[in-house]
Amino acid sequence: MGKQVWRAVVAGGAVAVFTAVAAAPAGAAEGGVSFTRVRVNGGKSIVIGVSNEVAVPASFRMTTTHKWKWPAVFLYRGGAGDRLWHAVETSDCIKVSSGVCDFNETMYFDPSVWDMHNSEAGVWKVGAEVYFEGDGSDFDDKGLTVYVKRNSRLTVNASPEPVSKDRTITVTGKVTRANWETRKYASYGGRLVSLQFKPAGTASYTTVKKVYANGSGDLRTTLKASRTGSWRWVYYGNTTTGPSTSSGDNVVVR
């Protein structure tokens, strides 16, 4: 059964709210509409945590001679009715020429308000649709994909602080990932995470080594202290999880 999609569409300065279970199947669409220049989040992944609303920009061009009520782009899997729940705000027609309009859209994903499932992380297809005045609609699969990912977090601690030169320092940390169903961050074990170092007085970090987190997401490694500087962990993410970088922990070497 397809998810419902709540839509808030701005038209002429007034906000109209629609609820749709599914778009009309492609075979039942009226046609006579084309969508081009479709873009969602600048081609980047959509990364969502457990509490903050995420606003995702989108844009598209619609060409039609039909009288329409509202158009939008959306994310779906399988059939067009299996959509990722979100709110939508769409601009009025930015007229290009007769029958041709550009639209700017914002998709709002709020895990604190709507039930999100961890299984929804991963790749989604991009569709575009328009509902006509009176009755009927048109739906296009745009052949684009977008990754929707669970946010990740990293912590870091380097000790002892300060430390004598050539003595051993221990760098620990933990990698966690958003659990959309519990609305909390949970351990993300087994991840390969990069340890990076930035010497004092320099501007950039360099990867020193890579470490696998244990089953509880804990990170631990030891190194020889050579210079004063900051240590941090970096996780580069995967198809279901966004990247993250810890803060830097400065260690003074005497």
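This text gives an overview of the structure that appears in the document. All values reported here derive from a predicted model rather than from experimental measurement.

Thresholds applied
Residues numbered from 1 in each chain as written. Predicted model: local features only at pLDDT ≥ 70, side-chain atom pairs only at ≥ 80, totals over all residues. Heavy atoms only, no water. Helix = DSSP H or I, 4+ residues; strand = E, 2+ residues; numbered from the N terminus. Buried < 20%, exposed > 50% of the residue type's maximum accessible area, 1.4 Å probe, protein only. Lys, Arg positive; Asp, Glu negative; His and termini not counted. Salt bridge = Lys/Arg side-chain N within 4 Å of Asp/Glu carboxyl O. Contact = heavy atoms within 4.5 Å. Pairing = 2+ DSSP bridges. Phe/Tyr/Trp six-rings, centres within 6.5 Å; stacked < 30°, edge-to-face > 60°.

1. What to know about the side chain of Asp140
Inference 1: Along the chain, Asp140 turns up in strand E12 (residues 137–150).
Inference 2: One buried charged side chain, Asp140, makes no salt bridge at all; its nearest oppositely charged neighbour is Lys142, positioned 4.3 Å away.
Inference 3: In this structure Asp140 touches Val33, Ser34, Phe35, Val126, Gly127 and Ala128, once residues within four positions along its chain are discounted.

2. Quick word on the sheet that holds strand E6 (residues 68–77)
Sheet strands associate in pairs through backbone hydrogen bonding, adopting either a parallel or an antiparallel arrangement.
Inference 1: Across the sheet, five strands lie side by side as E4-E12-E11-E6-E7; this open sheet has mixed pairing. The open sheet terminates on both sides in strands that have one partner only, identified here as strand E4 (46–48) and strand E7 (82–83).

3. Examining the packing of aromatic side chains
Inference 1: Tallying each qualifying case throughout the model produces nine aromatic pairs.
Inference 2: Considering the side-chain rings of Trp68 and Phe103, the 5.5 Å spacing of their centres and the 80 degrees angle between planes classify their relative orientation as edge-to-face. Within this pair, whereas Trp68 is found in strand E6, its partner Phe103 is found in strand E10 (residues 100–109), the two being separated by 35 residues in sequence.
Inference 3: Judged by its relative accessible area of 26%, Trp68 is partly exposed.
Inference 4: On the basis of relative accessible area, Phe103 is assigned to the buried category, the value being 1%.

4. Re the pairing of strand E15 (residues 184–187)
Inference 1: By the bridge criterion, four bridges tie strand E14 (residues 168–179) to E15 in an arrangement that is antiparallel. Bridging across to E15, Asn179 finds its partner in Lys184.

Note that every value here comes from positions in space, so none of it alone points to a role or purpose.
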